[in-house]
Amino acid sequence: MSDTIRRTGSCLCRGVQFSVARPRLRIGLCHCQGLPQDRRLDLFAFAIWPREAFEKTGLVSSYGTRSFCSTCGGRVAWVDDNEAEVMIGSLDVAPTDLRTRI
């Protein structure tokens, strides 16, 4: 099944908004070492799209490839030259149709 829906999301204060489109590359769960620093999270779901499928508006600050809203500090995305990873919980509409590919 192709996932070509345009999905929108934002940071906590909605100062940074983003969208992704095209088929996503993969989805998964993260429980990496970086999470203990963010005490609100034990585990989070994410989806990764091709970099060119990711668009954002608003002012962000960065730490490496991670971007954050400059106002509320909410995580926006992890972006490198090839891929953009967004937390599924930051999407405006719960993506109940995302499935892992087997």
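So, a few notes on the structure that sits alongside this text. Note that this is a predicted model, so its numbers are computed, not measured.

Regarding the overall build of the protein
Regarding its fold elements, the protein presents zero helices and nine strands. For the protein, the sequential pattern of α-helices and β-strands runs β-β-β-β-β-β-β-β-β. The 102 residues of the protein split such that 35% are buried. Long-range pairs, those at least 24 residues apart, make up 58% of the contacts in the protein with a sequence separation of at least 6. Approximately 6,600 Å² of the protein is accessible, and the part contributed by carbon and sulfur atoms is 53%.

A word on the nonpolar core
The tendency in soluble globular proteins is for nonpolar side chains to be buried as a group. Counting residues in hydrophobic clusters, the biggest one holds 15 residues, and the most contacted among them are Phe18, Trp49, Phe54, Val76 and Val86. Of all the elements in the fold, those that place two or more residues in this core are strand S2 (17-20), strand S4 (44-50), strand S8 (75-79) and strand S9 (83-87).

What counts and how
- Residues numbered from 1 in each chain as written.
- Predicted model: local features only at pLDDT ≥ 70, side-chain atom pairs only at ≥ 80, totals over all residues.
- Heavy atoms only, no water.
- Helix = DSSP H or I, 4+ residues; strand = E, 2+ residues; numbered from the N terminus.
- Buried < 20%, exposed > 50% of the residue type's maximum accessible area, 1.4 Å probe, protein only.
- Contact = heavy atoms within 4.5 Å.
- Areas by Shrake-Rupley, 256 points an atom, 1.4 Å probe, with all protein chains shown as cover.
- Core = buried A, V, L, I, M, F, W, Y, C linked by side-chain atoms within 4.5 Å.

Note that all results are geometric; they support no functional claim without further evidence.
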